[in-house]
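# Summary of structural features
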Amino acid sequence: MKKRSWYLASLVVTLTVMTVPVLSAENQSPTQSPSELRAMSILKNMSEYLAHAERFSVTIRDGCDVVQESEQKIEFGNLRIVTVSYPDRLRRPDRLRIEVERSDGQKDLVIFDGKDMTIYTANDNIYATTARQGTLDQEIKYALDDLKIRMPLSLMFLSTFPGELDKLGVSAEYVETTTITDVPCDHLAVRTAGGVDFQVWIAQGAEPLPRRIVITYKDEHGQPQFSADLSNWNLAPNLSDALFAFTPPNGAERIQFLAEVRSAAATATPTKGGKK
């Protein structure tokens, strides 16, 4: 059997994290223009709308630039179907499912059922599981901070979305009204203090959902961009227990998350004198 020392390292590339920061009300300048005030109001409304959704599903087609040694930018993309459930009123655990298909044909699956988080790579028939009973918010933060797994636009999956945004300070402008896949949208341009600019197109009307996001990393070599088109929003998907259950396919090999391997190795490293 081929030894896979990378332990799901390919998923770190597949699940690159992108967040959408906005300006909190506490940090807003008293001299904000009407354009800025309008943009902030739209962003806040969008975050609160998503945070109050008990469940939703969305299709995300994204692309990320990789700057080559020749300075040429090559875009690699993913198609992801994300399903999120916060069924508090049903007294059931938070749940998450992310189906990923990369531009090179690799297929991955991320599942959280309220007790365990599992990542499966179909092409290699390998998977890793960690037991983490709790809320989806806690699980996502654990995956990001401890397992070093990256999830695109993961901020939008948190029930604390508005509060998370309030921790970041940016400036924003209203650009125009435009149409994304037949949906009238408000186009906003946002600048952050951390060398990241982004644009977001938010649907007008009763469902203020993000339809497109473009992020520019100004301080990175070549100023690469990440872009995502979000479609097929469904705020009342028909969810079954089977959707969030993972059964290893025949012959699947269970491995460890890289962060867990490193943690175990660090704990097992003997100190001077041969003692642990």
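Above this text sits the structure in question.
Under the 1.5 Å per step criterion, the end-to-end length of helix H2 (residues 34-51) is 26 Å for 18 residues, consistent within 8% with the ideal 26 Å. Of all the residues in H2, the buried ones are Glu36, Ala39, Met40, Ile42, Leu43, Met46, Ser47, Leu50 and Ala51. Each buried residue of H2 sits inside an arc of 165 degrees when the element is viewed along its axis, so together they form one side.

Counted by the stated rule, this structure contains three aromatic pairs. Summarising the aromatic geometry, the rings of Phe56 and Trp233 are spaced 5.6 Å apart at their centres and angled 50 degrees between planes, so their arrangement reads as tilted. Pair noted here: Phe56 is in strand E1 (residues 55-67) and Trp233 is in strand E11 (residues 225-234), with a separation of 177 residues, a long-range link. When the ring of Tyr120 is compared with that of Phe246, the centres are 5.6 Å apart and the planes differ by 50 degrees; the resulting orientation is tilted. Residue Tyr120 is found in strand E5 (residues 116-121), and its partner Phe246 is found in the loop between E11 and strand E12 (253-254); the two are separated by 126 residues along the sequence. Relative accessible area serves as the criterion here: at 11%, Tyr120 is assigned to the buried category. Every member of this aromatic cluster is reached through a ring pair, and the members are Tyr120, Tyr127 and Phe246. In this structure, Arg38 packs its charged tip against the face of Tyr174, placed 3.7 Å from the ring centre.

All right, on to the environment of Arg95 then. As for its placement among the helices and strands, Arg95 is situated in strand E3 (residues 95-102). On a C-alpha basis, the gap between Arg95 and Leu243 in space is 9.6 Å, while along the polypeptide they are 148 residues apart. If sequence neighbours within four positions are ignored, Arg95 has contacts with Thr83, Val84, Ser85, Phe112, Asp113, Leu136, Ser240, Asp241 and Phe244. Within the local environment of Arg95, its side chain forms a polar contact with the side chain of Asp241, the two groups lying 3.1 Å apart.

In the structure shown here, the tally under the stated rule is seven salt bridges. Two residues, Arg80 and Asp62, come together in a salt bridge whose shortest N-O distance is 2.6 Å. Of this pair, Arg80 sits in strand E2 (residues 73-85) while Asp62 sits in strand E1; the two residues are 18 residues apart in sequence, bridging distant segments of the chain. Note on accessibility: Arg80 and Asp62 belong to one class, buried. As a salt-bridge pair, Asp229 and Arg212 come within 2.8 Å of each other at their nearest N and O atoms. Of this pair, Asp229 sits in strand E11 while Arg212 is found in strand E10 (residues 210-217), placing the two residues 17 residues apart along the sequence. Given the relative accessible area of 33%, Asp229 is considered partly exposed. Owing to a relative accessible area of 23%, Arg212 belongs among the partly exposed residues under this scheme. Among the charged side chains, a network of salt bridges with common partners joins Arg191, Asp197 and Lys218.

Parameters and conventions
- Residues numbered from 1 in each chain as written.
- Predicted model: local features only at pLDDT ≥ 70, side-chain atom pairs only at ≥ 80, totals over all residues.
- Heavy atoms only, no water.
- Helix = DSSP H or I, 4+ residues; strand = E, 2+ residues; numbered from the N terminus.
- Expected span 1.5 Å × (residues − 1).
- Buried < 20%, exposed > 50% of the residue type's maximum accessible area, 1.4 Å probe, protein only.
- Arc of directions from axis to C-beta.
- Phe/Tyr/Trp six-rings, centres within 6.5 Å; stacked < 30°, edge-to-face > 60°.
- Lys NZ or Arg CZ within 6 Å of the ring centre and 35° of its normal.
- Contact = heavy atoms within 4.5 Å.
- Polar contact = N/O pair within 3.5 Å; in protein donor to acceptor, adjacent residues only side chain to side chain.
- Salt bridge = Lys/Arg side-chain N within 4 Å of Asp/Glu carboxyl O.

So, to be careful, I would describe these as geometric facts and stop short of saying anything about function.
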